[in-house]
Amino acid sequence: MNIQKLIRPNIRSLKAYEAKEIPCRVKLDANESPYGFPEGLRALKSIKTNRYPDPEAKALKRLISRDFGVKSQNILQGNGSDELIYYLITTFGGPVLYPVPTFSMYGIIAQAIGEKKIGIPLNKEFDLDLKRILEAIKRQKPKVIFLSSPNNPTGNCFSSEKLLKIIESTLSLSIVVVDEAYQPFSSRKGFLPLLKDYKNLVIMRTLSKIGLAGLRVGFLIADKEIIHEVNKVRLPFNVNSLSQTVATELLKKRKTMQSYINVIISEREKLFNELEKIDGINPYPSEANFILFKVKNADKLYKGLLKKSVLVRNMRGVVNGCLRVTVGTNEENRIFLRALKEIITDEKT
Ligand SMILES: *Cc1c(COP(=O)(O)O)cnc(C)c1O
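These figures come from a predicted structure and were not determined experimentally.

### Some details on the overall build of the protein
And then number 1: A tally of helices and strands in the protein yields 11 helices and 13 strands.
And then number 2: For a compact globule of 349 residues, the expected C-alpha radius of gyration is about 20 Å, and the protein comes in at 21 Å, within 12% of that figure.
And then number 3: With the C-alpha coordinates aligned to their principal axes, the bounding extent of the protein is approximately 65 × 55 × 55 Å.
And then number 4: Split into buried and exposed, the 349 residues of the protein put 51% on the buried side.
And then number 5: Within the protein, contacts between residues separated by at least 24 positions form 71% of all contacts whose residues are at least 6 apart in sequence.
And then number 6: Counting every atom, the protein has about 17,600 Å² of accessible surface; 53% of that belongs to carbon and sulfur.

Set out below in structure tokens:
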């Protein structure tokens, strides 16, 4: 029997998200935080494993509500923001528009659901190509627009004026999702203050990049009507008890959390300066917890680093000739830089 014939065509042609586990000593490939939160696990003792989790994640939402100055009715919890991308496209449908390159899950999920994808290339500065985006909005009427700012994998924030123009020009036409996964590391203002002015704006956040990637907790902040509608497609117990509990503990420790973020920001600046000094390496400025850099022979350098047990992300096919390195601890960054310099020196001799 031919199973392939039974698969929907959009799934048959879909390529699964590449998330391979590659053993290494220094793991700088997935934009995780180098700092975990083991203290948070203590609270797990009180969990009743025989009971379903709180379907509304009340305790978690209360803290998000405090931190972001919004009401619980403006928050929707997700099993990571990946799940929320699924819910948004399920709720509003397509076409789905996003710039390229960006986070790959927007396109993968749009295709999985069977919606049309519209990818608009970024300009040379990795900023939004406003003219082309506005044209595409007019012609193709996307229902959902995803804008990751700071953007993954380029690291920059998009121009706020351009972003605002997109939000304004789609007021009763499309939902604009500003994915602020990396906002904690950014020096620019986020889009939260604009929520009250634009009903079609949705802010997406995650705890994955600030120490809880293993727990899968993300959330949307938006107008209550949007939250109400998207909540209809949410699976009842999408965030499990363990994740709700530890995430709540993490959010209670605002100062500790912020101090780790500050360390990562300062390490990013050091790492950027060191990369800039290396002949043949061109790093792009970053507002996130990773740095994209251009090199002469990306594949060779990637493999060379892996041989020295340092794992980064090869951006081949996404931003050709580039590698992306996550900011690690000071020690991890030094090991990475040393390995990089050794490989480049060996090449010359
Ligand atoms: C990592 C990342 C996410 C994924 O977040 P999860 O909450 O772990 O699903 C979302 N958006 C962007 C831009 C990312 O880089």
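### Things to note about helix 7 (residues 224-231)
And then number 1: The set of residues buried in helix 7 consists of Ile226, Ile227 and Val230. Taken down its axis, helix 7 places every buried residue within 100 degrees of arc, on the same side.
And then number 2: In this fold, the buried residues of helix 7 make contact with strand 2 (75-78), helix 3 (80-92), strand 6 (175-179), strand 7 (201-206) and strand 8 (218-222).
And then number 3: Measuring from the backbone nitrogen of glutamate 225 back to the side-chain oxygen at the start of helix 7 gives 3.0 Å, which picks out aspartate 223 as the cap.

### Re the packing of aromatic side chains
And then number 1: Tallied over the full model, the rule gives 9 aromatic pairs.
And then number 2: Judged by centre distance (4.6 Å) and plane angle (20 degrees), the rings of tyrosine 35 and tyrosine 260 are stacked. Of this pair, tyrosine 35 sits in the loop between strand 1 (26-27) and helix 2 (58-68) while tyrosine 260 sits in helix 9 (residues 254-277); the two residues are 225 residues apart in sequence, bridging distant segments of the chain.
And then number 3: Since its relative accessible area comes to 35%, tyrosine 260 is described here as partly exposed.
And then number 4: Taking the centre distance of 6.3 Å and the plane angle of 50 degrees together, the rings of tyrosine 98 and tyrosine 106 count as tilted. Tyrosine 106 shares its class with tyrosine 98; the two are buried.

### A short note on the nonpolar core
And then number 1: Leu305 and Phe336 are the most contacted members of the largest nonpolar core, which has 82 residues in total.
And then number 2: The element best represented in this core is helix 11 (residues 330-348), accounting for 7 residues.
And then number 3: Counting only domains with at least three residues in this core, you end up with domain 1 (3-33 + 255-344) and domain 2 (52-252).
And then number 4: When sequence neighbours within four positions are dropped, the list of residues in contact with leucine 305 reads Val310, Val312, Leu323, Phe336, Ala339, Leu340 and Ile343.

### Looking at the domain arrangement of the protein
And then number 1: Assigned domains of the protein: these are domain 1 (3-33 + 255-344) and domain 2 (52-252).
And then number 2: The centre of domain 1, based on its C-alpha atoms, is set 23 Å off from the matching centre of domain 2.
And then number 3: Contact with domain 2 buries area across many residues of domain 1, yet Tyr17, Met257 and Glu287 alone supply 29% of it, more than any other trio.
And then number 4: At the junction of domain 1 and domain 2, the tally comes to 0 salt bridges.
And then number 5: Our count for the contact surface shared by domain 1 and domain 2 stands at 9 residue pairs in polar contact (both at pLDDT 80 or more).
And then number 6: Looking at which element gives the most residues to the side of domain 1 that touches domain 2, the answer is helix 9, with 5 residues.
And then number 7: Classifying every residue of the side of domain 1 that touches domain 2 by side-chain character gives 15 nonpolar, 6 polar and 6 charged.

So, how was this worked out
- Residues numbered from 1 in each chain as written.
- Predicted model: local features only at pLDDT ≥ 70, side-chain atom pairs only at ≥ 80, totals over all residues.
- Heavy atoms only, no water.
- Helix = DSSP H or I, 4+ residues; strand = E, 2+ residues; numbered from the N terminus.
- Rg over C-alpha atoms; globule rule 2.2 N^0.38 Å.
- Buried < 20%, exposed > 50% of the residue type's maximum accessible area, 1.4 Å probe, protein only.
- Contact = heavy atoms within 4.5 Å.
- Areas by Shrake-Rupley, 256 points an atom, 1.4 Å probe, with all protein chains shown as cover.
- Arc of directions from axis to C-beta.
- Polar contact = N/O pair within 3.5 Å; in protein donor to acceptor, adjacent residues only side chain to side chain.
- Phe/Tyr/Trp six-rings, centres within 6.5 Å; stacked < 30°, edge-to-face > 60°.
- Core = buried A, V, L, I, M, F, W, Y, C linked by side-chain atoms within 4.5 Å.
- Domains from an automatic or database assignment.
- Buried area = accessible area lost by both parts, 1.4 Å probe.
- Salt bridge = Lys/Arg side-chain N within 4 Å of Asp/Glu carboxyl O.
- Nonpolar A, V, L, I, M, F, W, Y, C, P; charged D, E, K, R; others polar.

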